[in-house]
Amino acid sequence: MAESRPKVWVSQPLFDDIVERLHAHFDVVQVPDVSEHDAAAIAAALREVDGALVTLNERIGRDEIADAAKLRAIANVGVGYNNLDIDALQARGIVATNTPDVLTETTADFGFALMMAAARRVTEAERHLRAGQWQGWNFKGLLGADLHGSTLGILGMGRIGQGIAKRASGFDMRVLYHNRSRLPAEVERAFNATYVDFDTLLAQADHLVLVLPYSAASHHIVDAAALAKMQPTATLTNIARGGIVDEAALADALANGRLASAALDVFEGEPAVDPCLLALDNIVLTPHIASGSLATRRAMVALAVDNLIAALGVGPDAGRPPSPIAPAKQDDNDAKRPGTA
Ligand code: DGY
């Protein structure tokens, strides 16, 4: 009797021509439309399969894998993997992988774009124009803050943080950073970046960018007390995970002139956005698209497919997925690790 092929679940429509590579090795259960899967639906899907290709929208923890007796690998399409309970997966011997590196430059580009948009009030100005409020060139209208020559603060100096620091040198910015662990001196020199404590970062940054991983430790690390330490002329940009910022405190600071402007690509309850944020003019809001260039999203899917094939013990890298999420990784300087984005 022919041996049955391993089965994998692809939780969202991705790029068919790339996902197609899974068909050479596995029976593929492909979700045809963009879908919200609740815990029961994820558990039901995982119960039937040997592996899964999932996105940040699928939260996979103890309950979802409780009956997944055959499950051996979860390939996350994303560098951040706070949607996965790594301890639970490891306890069951299920390999988890993510997609670092391939999105670093694209995400850093977008972080820089958001920071500029917040500083120079780009989306606010566009809304003003589209609403027919532009009465002619106004010498004092919609004045913003400069990036060039200002002080950039980076919270979380992993690969994406370093990408932002690299871009800042072209703008003659002074770069300060704070990270769980200080970077080696040669790396600091390469990025012309100075390590400071968290309070100094808050106090001195003209533009603060959040690129740290999300975890219990970083939950609401930017709260009312932290915001109060920032300059009222400063901007705050978040491209990590929404839960890092206390959104109510941020909205209050922006509404009451204690912070000039902000830019958020990520939200604590996404896709829901706190109405307090939506009501403000001095904030740029985008729907979690920092890694969203076509080339990068394709590269993320390609890496996740490679990971899944290898993690399930077939293909040229059988048993050696290119980017496993290892416990040791939680202590490196990755920009987005669980327990922290
Ligand atoms: C990631 O990969 O973690 C990003 O947030 C998705 O763009």
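- Identification of the chain as Gluconate 2-dehydrogenase from Luteimonas terrae is taken from an unreviewed UniProt entry.

Things to note about helix α13 (residues 294-311)
- Compared with an ideal rise of 1.5 Å per residue, which puts 18 residues at 26 Å, α13 spans 26 Å between its outermost C-alpha atoms and is within 8% of the ideal.
- Positive phi appears at glycine 313, one or two residues downstream of α13, with a value of about 80 degrees.

Details of the domain arrangement of the chain
- Looking at the chain, the domain boundaries give domain 1 (7-101 + 294-311) and domain 2 (104-285).
- Relative to domain 2, the C-alpha centre of domain 1 lies at a distance of 32 Å.
- With six residues of domain 1 at the contact, the number on the domain 2 side is five residues.
- For the pair domain 1 and domain 2, the summed buried area comes to about 560 Å², and 40% of that belongs to carbon and sulfur atoms.
- The largest share of the area that domain 1 buries against domain 2 comes from Asn82, Asp101 and Thr296, three residues that together contribute 69% of it.
- Seen at the junction of domain 1 and domain 2, the total is one salt bridge.

Considering the packing of helix α5 (residues 104-119) against helix α7 (residues 159-169)
- Running from N to C, α5 and α7 cross one another at 55 degrees; their axes reach a closest spacing of 8 Å. The orientation of α5 with respect to α7, classified from their angle, is oblique. Between α5 and α7 the crossing geometry is right-handed. For the pair formed by α5 and α7, the contact residues are Thr104, Glu105, Thr107, Ala108, Asp109 and Phe112 on the first element and Arg159, Ile160, Gly163, Ile164, Lys166, Arg167 and Ala168 on the second.

A short note on the sheet that holds strand β5 (residues 95-97)
- Read across the open sheet, the five strands follow the order β2-β1-β3-β4-β5; overall the sheet is parallel. With one partner strand each, in any of the chains shown, β2 (27-30) and β5 form the two edges of the open sheet. In this sheet, adjacent strand axes meet at a mean angle of 15 degrees when their direction is disregarded.
- Pairing analysis gives five bridges linking strand β3 (residues 51-55) to strand β4 (residues 73-77), with the strands arranged parallel. Among the inter-strand pairings, threonine 55 is bridged to a residue of β4, identified as valine 77.
- Packing against the sheet, α13 makes contact with β1 (7-10), β3, β4 and β5, and its axis sits at approximately 175 degrees to β4.

Reading guide: rules and limits
Residues numbered from 1 in each chain as written. Predicted model: local features only at pLDDT ≥ 70, side-chain atom pairs only at ≥ 80, totals over all residues. Heavy atoms only, no water. Helix = DSSP H or I, 4+ residues; strand = E, 2+ residues; numbered from the N terminus. Expected span 1.5 Å × (residues − 1). Domains from an automatic or database assignment. Contact = heavy atoms within 4.5 Å. Buried area = accessible area lost by both parts, 1.4 Å probe. Salt bridge = Lys/Arg side-chain N within 4 Å of Asp/Glu carboxyl O. Axes fitted to C-alpha atoms, helices over the stretch in contact; angles between N-to-C directions. Parallel < 35°, antiparallel > 145°, perpendicular 65-115°, else oblique. Left-handed = near helix turned anticlockwise from the far one by under 90°. Pairing = 2+ DSSP bridges.

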